[in-house]
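Below, each chain spelled out in residue letters.
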Amino acid sequence: MLVALFIVITLASAPLSALAQKASPVAPNRARAEAAVREAYEKFKNDTGGKNADYIPYLAKVPSKLFGIAIVTTDNQVLMLGDVKYSFSIQSISKVFSMAMAMDEFGAAKVFDKIGSEPTGRAFNSVFAVADLPTHTGNPFVNAGAISTVSLISAKSAAEKWNKILNYYSRCAGEKLSLIDEVYKSEAATNTGNKALAMLLAKYERIYADPFESVDVYTKQCSVGVNAIQLARMGATLANSGKNPATGEQTIKAENVPYILSTMMMAGLYDGSGKWAWHVGLPAKSGVGGGIVAIVPGKGAMAVFAPPLDEAGNSVKAQKVIEYFADKLDFNLFSPRSVGLKY
Ligand code: GLN
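Here the structure is a predicted model, which is why all the values come from computation and not from measurement.

*Asks:* It is not clear to me how the overall build of the protein chain should be interpreted in this structure. Could you clarify?
*Replies:* Scanning the protein chain from N- to C-terminus turns up 15 helices and nine strands. Its C-alpha atoms give the protein chain a radius of gyration of 19 Å, within 12% of the compact-globule value 20 Å for 343 residues. Principal-axis analysis of the C-alpha atoms places the extent of the protein chain at approximately 55 × 40 × 40 Å. Sorting the 343 residues of the protein chain into buried and exposed places 57% on the buried side. Relative to all contacts within the protein chain whose residues are 6 or more apart in sequence, the contacts with residues 24 or more apart total 69%. Roughly 14100 Å² of accessible area belongs to the protein chain as shown, and the carbon and sulfur atoms make up 57% of that amount. Positive and negative side-chain charges of the protein chain, numbering 35 and 29 respectively, have mean locations separated by a distance of 4 Å.

See below:
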């Protein structure tokens with residue numbers, strides 16, 4: 001079966017249309033970006049590395065060949081190629097936006113105090129990290145810290161909390177998102193490990209609402225469906241200091257964005273984060289659904305979807321595409337080339 005390939009550049013619609021008429025002040029050179037995306041797509045589309053997650057039964061059934069790349073810039077230019085309309089579960093990428101919600105509500109200092117922000121160097125679902133680390137949560141991007149983050153978000157009931165979360169994610173995406181019910185049911189039936197983590201958090205007094213209720217809302221947030229374009233727009237909101245470039249809404253408090261991005265740099269790819277920082281040098285977040293979103297602060301975000309994962313739970317193709325693109329466009333934040341210096 002032939003996969004339809006297409007690159008489309010769309011400019012912002014009203015009310016940002018006036019801005020879109022002008023040459024982009026921040027977006028990468030369009031021709032270079034398009035060429036790099038095409039090259040990466042061709043280079044990696046037949047890569048057979050990795051394996052779909054299967055500890056959530058639904059994820060094992062997602063077609064492994066799906067492959068989509070989307071970029072949204074801070075001035076709302078969109079570039080996309082491949083399976084960019086396929087809705088996949090956001091999984092751990094959701095943790096970024098729940099962290100943002102908690103900080104919007106309580107401020108970064110309280111979130112740092114209640115959850116922490118230490119890379120664990122262990123698998124995302126590690127029990128040892130909870131037991132060993134002084135914070136007993138790790139950070140908001142491992143399962144324990146993420147469940148703890150969900151518990152912190154205020155609401156009168158679990159249903160209200162879930163609606164609040166879904167609404168927040170939707171505003172970051174610039175369109176209404178919804179639950180993939182089959183993913184939720186599949187994970188809810190098998191998430192004994194996360195329940196154990198929640199009880200361990202309770203032992204250390206690091207969970208701030210009912211443990212099992214928190215796991216349930218967390219499981220729902222992981223089961224939110226996004227396509228690559230929506231995910232790239234969520235990333236572009238972060239790249240744009242919390243202001244959604246499509247809707248113009250300030251959805252995430254700007255003062256919290258540096259904390260979010262630094263946590264993404266330290267722990268966005270779990271125990272693969274060091275390697276990622278070394279090779280790519282961009283804050284990013286992965287999910288076991290096969291998505292990765294990477295942020296180029298002030299410029300935009302790239303989301304790549306391809307289900308097969310490496311040992312740490314990070315999409316193999318997505319990592320390769322983003323690394324290729326960041327290198328071609330000189331986006332590695334730690335490289336002198338990112339600020340235009342040649343060497
Ligand atoms: N929902 C998944 C879990 O709790 C998320 C993990 C991930 O994407 N790394 O295991």
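*Asks:* Looking at this structure, I do not really get the side chain of Gln91. What am I missing?
*Replies:* Within the secondary structure layout, Gln91 lies in the loop between strand 4 (88-89) and helix 4 (94-106). Among the residues examined, Gln91 registers a relative accessible area of 3% and is labelled buried. Here Ser89 takes part through its side chain, which lies 3.1 Å from a polar atom of the side chain of Gln91. When residues no more than four places from it in sequence are discounted, the contact partners of Gln91 are Ile56, Leu59, Val183, Glu187, Cys222, Gly287, Val288 and Gly289.

*Asks:* What should I look at first to understand the site of the ligand in this one?
*Replies:* For the ligand, the full set of nearby residues is Tyr55, Gln91, Ser92, Phe124, Asn143, Glu187, Asn194, Tyr218, Cys222, Tyr270, Gly287 and Val288. One of the side-chain nitrogen or oxygen atoms of Asn143 is found 3.1 Å away from an oxygen atom of the ligand. Within the complex, the protein chains bury 99% of what would otherwise be the 290 Å² of accessible surface of the ligand. Within the shell around the ligand, the residues separate by chemical class into six nonpolar, five polar and one charged.

*Asks:* Which parts of the structure should I look at to understand helix 10 (residues 192-203)?
*Replies:* Given 3.6 residues per turn, any residue in an α-helix points the same way as the ones three and four places further on. The end-to-end C-alpha distance of helix 10, which contains 12 residues, comes to 17 Å, matching closely the 16 Å that a straight helix rising 1.5 Å per residue would cover. All buried positions along helix 10 are accounted for by Asn194, Leu197, Ala198, Leu200 and Leu201. What you see down the axis of helix 10 is that its buried residues fit within an arc of 160 degrees, all on one side. More than 90 degrees from the buried face of helix 10, the exposed residues found are Thr192 and Lys203. Of the surrounding elements, those touching the buried residues of helix 10 are helix 6 (127-132), helix 7 (143-152), helix 9 (181-188) and helix 11 (211-222).

*Asks:* Where do I start with the packing of helix 9 against helix 11 in this structure?
*Replies:* Packed helices, taken two at a time, are described by the angle their axes make and the gap between the axes. Taken N-terminus to C-terminus, the directions of helix 9 and helix 11 make an angle of 140 degrees; their axes are 8 Å apart at the nearest point. With respect to helix 11, the element helix 9 is oriented oblique. The crossing of helix 9 and helix 11 is right-handed. Where helix 9 approaches helix 11, its residues Tyr184, Glu187 and Ala188 are matched on the opposing element by Asp216, Tyr218, Thr219, Lys220 and Cys222.

*Asks:* Is there a simple way to explain the pairing of strand 9 (residues 300-305) in this structure?
*Replies:* Walk down a regular strand and you will see the side chains alternate between the two sheet faces. Counting buried positions over the six residues of strand 9 gives six, a clear majority of the element. Neither face of strand 9 is exposed, since Gly300, Met302 and Val304 on one face and Ala301, Ala303 and Phe305 on the opposite face are all buried. Relative to strand 9, strand 2 (residues 68-73) is paired through six bridges, and the arrangement is antiparallel. Opposite Ile69, over in strand 9, you have Val304 as the bridge partner. Pairing of strand 8 (residues 291-296) with strand 9 involves six bridges; the strand directions are antiparallel. Looking across to strand 9, one finds that Ala294 is bridged to Met302. Two successive antiparallel strands, strand 8 and strand 9, enclose a turn made up of three residues, where Gly298 displays a positive phi of approximately 80 degrees.

*Asks:* In this structure, what is going on with the pattern of salt bridges? I would like to understand it.
*Replies:* Between side chains of opposite charge, a pair can form as their charged atoms come close. Applying the stated rule across the entire model yields 11 salt bridges. Ionic pairing is found between Glu249 and Arg171, a salt bridge with its closest N-O pair at 2.8 Å. Here Arg171 lies in helix 8 (residues 158-173) and Glu249 lies in the loop between helix 12 (228-239) and helix 13 (257-267), a separation of 78 residues in the sequence. Here Arg233 ties to Glu175 by a salt bridge, and the two come within 2.7 Å at their closest N and O atoms. Of this pair, Arg233 sits in helix 12 while Glu175 is found in the loop between helix 8 and strand 5 (178-179), placing the two residues 58 residues apart along the sequence. Exposure remark for Arg233: the relative accessible area of 12% places this residue in the buried category. One network of salt bridges, in which partners are shared, links Asp327, Asp330 and Arg337.

Conventions adopted
- Residue numbers here run from 1 along each chain, matching the order of that chain's written sequence.
- Confidence filtering applies because this is a predicted model: local features only for residues at pLDDT of at least 70, side-chain atom pairs given and counted only at 80 or more, and all residues used for totals across whole chains, interfaces and linings.
- Hydrogen atoms and water are omitted, and side-chain values are computed over all heavy atoms in the structure.
- Each helix is a run of H or I in the DSSP string that is no shorter than four residues. Each strand is a run of E no shorter than two, and both are numbered from the N terminus.
- Every radius of gyration here is taken over C-alpha atoms, with the globule rule written as 2.2 Å times N^0.38, N being the number of residues.
- For each residue, the accessible area found with a 1.4 Å probe, counting protein chains only, is set against the maximum for its type, and the residue is called buried under 20%, exposed over 50%, and partly exposed in between.
- The contact criterion used throughout is that any non-hydrogen atoms of two residues lie within 4.5 Å.
- Note on areas: these come from Shrake-Rupley sampling with a 1.4 Å probe, and a residue is covered only by the protein chains present in the view.
- Positive charges come from Lys and Arg, negative ones from Asp and Glu, while His and the chain ends are left out of the count.
- By convention, the point assigned to a charge is CZ for Arg, NZ for Lys, CD for Glu and CG for Asp.
- By the criterion applied in these results, polar contacts are pairs of N or O atoms within 3.5 Å in which, for protein atoms, one can donate a hydrogen and the other can accept it, and in which residues neighboring in sequence qualify only through two side-chain atoms.
- For this purpose, a residue is taken to be near a molecule or strand whenever a single non-hydrogen atom of the residue falls within 4 Å of it.
- Classes in brief: Ala, Val, Leu, Ile, Met, Phe, Trp, Tyr, Cys and Pro nonpolar; Asp, Glu, Lys and Arg charged; the others, Gly included, polar.
- A helix is expected to reach a length of 1.5 Å times the quantity of its residues less one.
- Directions are taken from the helix axis to each C-beta atom, and the arc is the one they span.
- In this description, a line fitted to the C-alpha atoms serves as the axis of each element, helices being fitted only across the stretch in contact, and the angle between N-to-C directions of two axes falls anywhere from 0 to 180 degrees.
- Throughout, the term roughly parallel applies to angles under 35 degrees, roughly antiparallel to angles over 145, roughly perpendicular to angles from 65 to 115, and oblique to all others.
- A clockwise turn of the near helix away from the far one marks a right-handed crossing, whereas an anticlockwise turn of less than a right angle marks a left-handed crossing.
- The pairing criterion is simple: DSSP has to find at least two bridges between the two strands.
- In the sections that follow, a salt bridge refers to a side-chain nitrogen of Lys or Arg positioned within 4 Å of a carboxyl oxygen of Asp or Glu.

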